[in-house]
Amino acid sequence: MTERDNVTVKDPRGPVNNGSGHQNVYYGIGPDWMTRKKVASLRITLEDRVRLADRFAPPLHYRTAADRLEKPGSVVLLEAPPGSGRRAAAIMLLHRLGEDGHGPWDGDDEGGRFEELPATDKDEAEDETALPPTEGDRFLLDLSTITDEETYAKAQRLLDVRRAQVQAAGAHMVVVLPYGMEHVHSPFLEPHTVKLGRPRGIAVVTRYLRMDQMTFRPADLEGADLQRLYDRSPMRELARLAGLVRTARESGRFGAGFSDWLDQAVHAVTDRAGDVARQVAEVRAAPERALLLAAAVFEGTHADTVYAAWQSLMSTVGREDEEATTELARTDFGARLKALRIERDPEGRLRFDRLAYADAVRNYFWANFPGIRDDLRGWIADAAGLQGLTTDDRVTVAIRFGERSLATGRPSDVFDLVVEWAAGETGGSYDPRALAALELGLGHDGFGGWFRKRMYESVTSGDPSEGLVRVLTAACVRSLGTTHPDQAMVRLRHLAVRKGEAAREAREALLHLAGRDRRHYRLLIDRLLRYPPRRDPHEAQSRILLLTELLRSDRAPVPPPWPDLALGWEAVFSQPPTDLWKPLVTSWLDSVARDRAQEPALAAMAGAAHGRGAALLRLYAIAYAWAGPAHHPSRATVATRFRQHIDDAQYARTERAGAGSRTTEEAR
């Protein structure tokens, strides 16, 4: 095949890179609404890692880092400039341990967990210390967002502790170092540091295009403008360029062939900011500027909806002299749209006539009109619920607002809307706008920790509405449970002991999350026993109910962690209400009747009531009732063995009491 031959790739397997900053791996993948709405941040799940592997181009010295990481207990520190794909490289190093990506865990997460660690200890709450590493675990520690020397010094001290733990356990860890702070690097880090170079830009674009099944010639990707992008643009911008080519193709509005689509995409990433700046300078009237912004935020929705959003925005920021005239005396809506180069499709939906122009308009207004950002938050709070918007439309608007707010350093604007939208949901489900906005924040490289902390504050010191409890629960299950499962469990645990139906849903989500992982199951038992409830009778009751449910046989992992179960049973059997004991005990009696391997439960349960006569009698009665008057042979056998363990525990109690009496007499 020559360079002049067309290239159509339908089953690519090579790698391409994604950039630093907010990682968006959404071009050409799956039907999920989050990917369609371009908000799928790079979570460290197996599915997302596989997607990234198909798009990843190894940077210079990547092989050196991979070789160092293969040894159990290894820690590799990456030093690279922003925009070079350093975070993606770190994830791929952990994902593809072994020669050429065929390491012991390639495509299989059973070999050890894969988690991202918080950058500093202040990102962790008091009761959410991470699980200790075990052999085969893989950890990412991204310090690239640290910008001050004091914070970095603290992060390095914590890194020393984590490095020692990883090495002792035989785990693996990759650390992304902050750029431009080499002068404060600890000398102990130098032997573990690998300096990565910039990947080949054309390889990045090529792989994304091939993943989108584009037909093109190698010569189509040549040219001075493209070469400048290859040499200078961050990896995320090159990924965006390839994605815009796909968007141009699918729209059917920007030419009929690859060269047309590519030309439009290049203009979109190089010229749009200047185009918008010139248009805003020409459009001086507030109504026209407001319409430009409303159309950009609500692009793709019906013209009537955009009109309503425009009117709402003008009411929020001020109408100037428009109110002095009647509707019929003003320039008609269609003429205004035409003057702003906004088109109306046959279905009545509005779009700009240039590729990615709406993105550039939103960027421009948020960046250059800081004085109206508070007003924009209030506007979106209401306008995202306008009649005529589909659920997808509302989610899209929420995401567009969230992206701009995070880009301008205003995460609180996003979380405030999450709280407001969630509280307005009166049904038995969560508000999809609130969940999408929260997940966007959780997946953001710079503000992910901020959102995790706000979630923690909401579940521990706040009084979240039923709607917010549902949103927080869904975020823990769908997002936090995949990136920071230990932190997800902490938040769910606090939600699960609250009052209301939403708390019951959180409790079920927590039990499900704990049941997926043996270590997390044991951790949940430990935390329920270690952290006492506040002076709230309902919370105390909810905690014991949660613990009792967790200790049932159908919740326990296989094989069961008997010492942890015994500690939990001891806590349950030491306090009322005793009516919770029956379903717990009978679940294990049923389990033993089905499987003799579960028989250690009998001794463990009896031992958990050791020293408490009333509790032992209660267990005896439960076993008798479970066996039934007919005394089914299998049940009778299990009940007899259980009662023998109870008798042994009771006898030991009596023996100790007698020994104590004799000792007292002798002392006299």
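Remember, predicted model here, so these are calculated numbers, not experimental data. Every chain is numbered on its own, with residues counted from 1 as its sequence reads. For a predicted model such as this one, the threshold for reporting local features is a pLDDT of at least 70, and the threshold for listing and counting side-chain atom pairs is 80 or more; totals across whole chains, interfaces and linings nevertheless cover every residue. Excluding hydrogens and water, the side-chain figures rest on all heavy atoms present in the structure.

K.L.:
Account for the pattern of salt bridges, with residues named and values stated.
P.N.:
Oppositely charged side chains can pair when the atoms bearing their charge come close. In the sections that follow, a salt bridge refers to a side-chain nitrogen of Lys or Arg positioned within 4 Å of a carboxyl oxygen of Asp or Glu. Inspection of the entire model under this criterion finds 41 salt bridges. Between arginine 246 and glutamate 250 there is a salt bridge, with the nearest N and O atoms lying 3.1 Å from each other. Placement of the pair is arginine 246 and glutamate 250 together in helix α8 (residues 235-251), with a separation of four residues, close to one helical turn. Taking relative accessible area as the criterion, arginine 246 reaches 23% and is therefore assigned partly exposed. Here arginine 253 ties to glutamate 343 by a salt bridge, and the two come within 3.2 Å at their closest N and O atoms. You can see arginine 253 sitting in the loop between α8 and α9 (258-270) and its partner glutamate 343 sitting in strand β8 (residues 342-344), a full 90 residues away along the chain. Buried, partly exposed and exposed residues are distinguished by accessible area as a fraction of the type maximum, computed with a 1.4 Å probe on protein chains only: under 20%, between the cut-offs, and over 50%, respectively. The class of arginine 253 is partly exposed, set by a relative accessible area of 35%. Each of Glu508, Glu549, Arg552, Asp554 and Arg555 takes part in one network of salt bridges that share partners. Strands here mean DSSP runs of E at least two residues long; helices mean DSSP runs of H or I at least four residues long; both are numbered from the N terminus.

K.L.:
Help me get a handle on helix α3 (residues 62-69), residues and values and all.
P.N.:
Those residues of α3 that sit buried are Tyr62, Ala65, Ala66 and Leu69. An end-on view of α3 places all buried positions within 100° of arc, on one side of the element. Summarising the contacts, the buried residues of α3 are in contact with β2 (75-79), α4 (86-95), β5 (172-176) and β6 (193-195). In this description, the arc belongs to the directions extending from the helix axis to the C-beta atoms. Working rule for contacts: check all heavy atoms of both residues, and any pair within 4.5 Å makes them a contact.

K.L.:
Just give me the short version of the packing of aromatic side chains, but keep the residues and values in it.
P.N.:
Pairing of aromatic rings covers Phe, Tyr and the six-membered ring of Trp, with a centre-to-centre limit of 6.5 Å; geometry is then stacked below 30 degrees between planes, edge-to-face above 60, and tilted otherwise. With the rule as written, the count across this model stands at 17 aromatic pairs. Taken together, a centroid distance of 6.3 Å and an interplanar angle of 80° make the contact between phenylalanine 415 and tryptophan 450 edge-to-face. Of this pair, phenylalanine 415 sits in helix α17 (residues 411-423) while tryptophan 450 is found in helix α19 (residues 448-460), placing the two residues 35 residues apart along the sequence. Ring geometry for phenylalanine 415 and phenylalanine 451: centres 6.3 Å apart, planes at 55°, overall tilted. Here phenylalanine 415 is found in helix α17, whereas its partner phenylalanine 451 is found in helix α19, with 36 residues between them in sequence. On the basis of relative accessibility, which here comes to 0%, the residue phenylalanine 451 falls in the buried class. Each member of the aromatic cluster is reached from another via a ring pair, and the members are Tyr307, Trp310 and Phe333.

K.L.:
Give me α17: which residues, what numbers.
P.N.:
Taking 1.5 Å of rise per residue, the 13 residues of α17 would be expected to cover 18 Å, and the 19 Å separating its terminal C-alpha atoms lies within 8% of that figure. Three or more residues of α17 are buried, namely Pro411, Asp413, Val414, Phe415, Leu417, Val418, Trp421 and Ala422. Those residues of α17 that are buried are in contact with α15 (373-383), α16 (391-407), α18 (432-442), α19 and α20 (466-483). Helix span is expected to be 1.5 Å times the residue number reduced by one.

K.L.:
Could you give an account of the packing of α17 against α20, naming the residues involved and the relevant values?
P.N.:
Axis definition: a line fit to C-alpha positions, over the contact stretch in the case of helices; interaxial angles, taken between N-to-C directions, run 0 to 180 degrees. Where α17 contacts α20, the two axes come as close as 7 Å, and the packing angle between them is 120°. In terms of their interaxial angle, α17 and α20 are classed as oblique. Here α17 runs over α20; the crossing is right-handed. Within the contact between the two elements, α17 uses Val418, Val419 and Ala422 and α20 uses Gly467, Leu468 and Val471. Throughout, the term roughly parallel applies to angles under 35 degrees, roughly antiparallel to angles over 145, roughly perpendicular to angles from 65 to 115, and oblique to all others. Less than a right angle of anticlockwise turn of the near helix away from the far helix marks a crossing as left-handed, whereas a clockwise turn marks it as right-handed.

K.L.:
Can you tell me about the pairing of β5, naming the residues and giving the values?
P.N.:
Counting buried residues along β5, five of its five residues qualify, which places the element largely inside the surrounding structure. Going residue by residue along β5, you find His172, Val174 and Val176 tucked away on one face and Met173 and Val175 tucked away on the opposite face as well. In this sheet, β5 lies alongside β2 in parallel orientation, the contact comprising four bridges. Bridge assignment links leucine 77 to a residue of β5, and that residue is valine 175. If DSSP finds at least two bridges between two strands, the strands pair.

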